[in-house]
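Listed below are the residues making up each chain.
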Amino acid sequence: MNIFRKKVLDTQQKTQMNRNLKLSDLILLGIGAIIGTGIFVITGVPSANNAGPALSLSFVLSAFVVILSGFCFAEFASRIPIIGGPYAYLYVVFGEFAAWLAGWFLLCEFLLAVSSVATGWSGYVQGFLGSLGVHLPTALTGGFDAAKGTYIDLIAAIVVIFITFWVSQEAKKVLMLNNLMVWVKFGIIALFIAVGVFYVKPTNWQPFMPNGFSSVFKGAAIVFFAFLGFDSVAMAAEEVKNPQKDVPRGIIGSILIATVLYIIVTLISTGVVPFAKLQVADPMAFVMRYIGHGVIGSIISVGAMLTLLTVTISMLFALARLLYAISKDGLLPGFMGKVDAKTRAPKNATFVAGAIALVFAAAFPLQILAELTNIVALAYLILMAVGILKLRKDHGKPKKGEFSVPLVPVLPILSILACLFLIAQLSGMTFVVFGITLAIGLAIYFGFGYRHSLLNK
């Protein structure tokens, strides 16, 4: 059994897809995926429960870890500009088994992210409907939790169905809606900053670190979820006009823009409202209502409902293309590795991705989805950092014009240690669920993938 068989490094690989995406599309795709639940939801509860105003430092720490990983992504994307992201990169560097692990973790990340954002979106919609006096039956308002009387999240299920059909269209058309919503998102955040900054009371930042520095680390492990999505840029490699230059720029650019916005919004939120009161699902809207701007709060709520769709679009877009890439190599059923003749998009893979996301979004609570998303993402980011060291050893330094991770091997090693540190902050139950997830992935590979792999023929 040869589980380390490798793909040949081929940067001139032909694609059946249309290469019509530009750098601006990639940056907006990345921002659309990153800035969503993190800024509209996660800026509240972790502040109230853990770090307080120092949550801004948690975002800085998480951003540092993400940027280190982003550098690794950027070099891989520049040197191996093919669809599949970490799955494809590690197939070349380490071989099939490592590629499958990275691909499996990525599949879990995108799947869980789509589901968790749909669940968060449902919370905003239910809050908005509640303000109008409209209430769904309790059984249809959340994932399965018999103690609370919830069994299915109807609104989350509906939004996943809608997004699935939208993402099955041609890539440029899909991202037109995404790009429009990202600009709406910028407008909402700008409105929040422009109004909120005049109500900041520095006394609300005291104590800045109410639960000690350890709370900053715990906060970082939670808000790391807010940065996931930059990897969706790499998934579009075969649909980009100039992938070797634009994919790395899209990754780094989207991370930096998101980091700045997260820090500003967190500082304003905790500066306007005492952090203990931010135990809410819609913190930005709550801040506006707290200072008597209910209309602006409603505008932010409606805007959040609209723009959270960009995260589900970006993540499902990436998930479908990852399923397509893995299936094309034979590790998953081949019908998902086909491109629709009309849209030039992986329609079969999109429908499968949407169907699975529908189950998770409708049946699982948000907290379980978020923590599991974090640990699978951190696991494959460790593989990516190790992969850069192996890439440099086997293929040398990047050529002129290709992105190069600075200070190799120091930064990749630092990335590995930082990811391990954040993993150590997660709960014990998260590790149990992660173990089960890993076991399922191994069963699929050894039960189906290994025998049906194209490299096995």
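Everything numeric in this text was worked out from a predicted model, so none of it was measured.

**Let's talk about the packing of aromatic side chains**
Here is step 1: As enumerated under the stated definition, the model contains 18 aromatic pairs in all.
Here is step 2: Relative to Tyr 262, the ring of Phe 227 has its centre 5.1 Å away and its plane inclined at 80°; by these criteria the two rings are edge-to-face. Here Phe 227 is found in the loop between helix H9 (213-223) and helix H10 (243-272), whereas its partner Tyr 262 is found in helix H10, with 35 residues between them in sequence.
Here is step 3: Take Tyr 262: its relative accessible area is 0%, and that puts it in the buried class.
Here is step 4: Judged by centre distance (6.1 Å) and plane angle (40°), the ring pair of Phe 286 and Tyr 290 falls under tilted. You can see Phe 286 and its partner Tyr 290 sitting in helix H11 (residues 283-290), four residues apart, about one turn around the helix.
Here is step 5: Among the aromatic residues, those joined into a ring-pair cluster are Phe 97, Trp 100, Trp 104, Tyr 445, Phe 446 and Tyr 450.
Here is step 6: The aromatic ring of Phe 317 is capped on one face by Arg 321, whose charged end is 3.7 Å from the ring centroid.

**Some details on the packing of helix H8 (residues 171-196) against helix H12 (residues 294-328)**
Here is step 1: Between H8 and H12, the least distance of the axes is 9 Å, while the angle of their chain directions is 145°. Judged by the sense of rotation from one axis to the other, the crossing of H8 with H12 is left-handed.

**Points about the pattern of salt bridges**
Here is step 1: Applying the stated criterion to the full structure yields eight salt bridges.
Here is step 2: In this structure, the salt-bridge partner of Asp 329 is Lys 7, at a minimum N-O distance of 2.8 Å. Residue Asp 329 is found in the loop between H12 and helix H13 (347-363), and its partner Lys 7 is found in the segment before helix H1 (23-34); the two are separated by 322 residues along the sequence.
Here is step 3: In this structure, a network of salt bridges that share partners links the residues Glu 75, Arg 79, Arg 392 and Glu 402.

**Remarks on the packing of helix H6 (residues 96-131) against helix H16 (residues 428-452)**
For any two helices packed against each other, one specifies the crossing angle of their axes together with the interaxial distance.
Here is step 1: Close contact between H6 and H16 brings their axes to 10 Å; oriented N to C, the two are set at 130°. By the criterion of interaxial angle, the relationship of H6 to H16 is oblique. H16 is crossed by H6, and the crossing has right-handed handedness. From H6, Glu 96, Phe 97, Trp 100, Leu 101, Trp 104, Phe 105 and Cys 108 reach across to H16, where they touch Phe 434, Thr 437, Leu 438, Ile 440, Gly 441, Leu 442, Ile 444, Tyr 445, Phe 446 and Tyr 450.
Here is step 2: Taken together, the residues of the contact of H6 with H16 break down into 14 nonpolar, two polar and one charged.

**So, the nonpolar core**
Here is step 1: Membership of the largest hydrophobic core comes to 148 residues, with the highest contact counts inside it found for Phe 73, Phe 76 and Phe 224.
Here is step 2: Among the elements that take part in this core, H6 stands out by supplying 20 residues, more than any other.

**As for the environment of Val 433**
Here is step 1: Topologically, Val 433 is positioned in helix H16.
Here is step 2: Given the relative accessible area of 27%, Val 433 is considered partly exposed.
Here is step 3: The spacing of Val 433 and Val 408 is 25 residues in sequence and 34 Å in space, taken between C-alpha atoms.

**Some thoughts on the side chain of Glu 109**
Here is step 1: Take Glu 109: it is sitting in helix H6.
Here is step 2: With no salt bridge to any partner, buried Glu 109 finds its closest opposite charge in Lys 185, at an N-O distance of 14 Å.
Here is step 3: The contacts of Glu 109, once residues within four sequence positions are left out, are Leu 228, Gly 229, Asp 231, Met 315, Thr 373, Val 376, Ala 377 and Tyr 380.

**Description of a nonpolar patch on the surface**
Here is step 1: On the surface, Met 429, Val 432, Ile 436 and Ile 440 cluster together into a nonpolar patch covering about 390 Å² of accessible area.
Here is step 2: Locating Ile 436 in the fold gives a position in helix H16.
Here is step 3: By relative accessible area, Ile 436 is classed as partly exposed at 49%.

Criteria and thresholds
Residues numbered from 1 in each chain as written. Predicted model: local features only at pLDDT ≥ 70, side-chain atom pairs only at ≥ 80, totals over all residues. Heavy atoms only, no water. Phe/Tyr/Trp six-rings, centres within 6.5 Å; stacked < 30°, edge-to-face > 60°. Helix = DSSP H or I, 4+ residues; strand = E, 2+ residues; numbered from the N terminus. Buried < 20%, exposed > 50% of the residue type's maximum accessible area, 1.4 Å probe, protein only. Lys NZ or Arg CZ within 6 Å of the ring centre and 35° of its normal. Axes fitted to C-alpha atoms, helices over the stretch in contact; angles between N-to-C directions. Left-handed = near helix turned anticlockwise from the far one by under 90°. Salt bridge = Lys/Arg side-chain N within 4 Å of Asp/Glu carboxyl O. Parallel < 35°, antiparallel > 145°, perpendicular 65-115°, else oblique. Contact = heavy atoms within 4.5 Å. Nonpolar A, V, L, I, M, F, W, Y, C, P; charged D, E, K, R; others polar. Core = buried A, V, L, I, M, F, W, Y, C linked by side-chain atoms within 4.5 Å. Lys, Arg positive; Asp, Glu negative; His and termini not counted. Patch = residues over 30% accessible without salt bridge, like charges linked within 9 Å, V, L, I, M, F, W, Y side chains within 5 Å. Areas by Shrake-Rupley, 256 points an atom, 1.4 Å probe, with all protein chains shown as cover.

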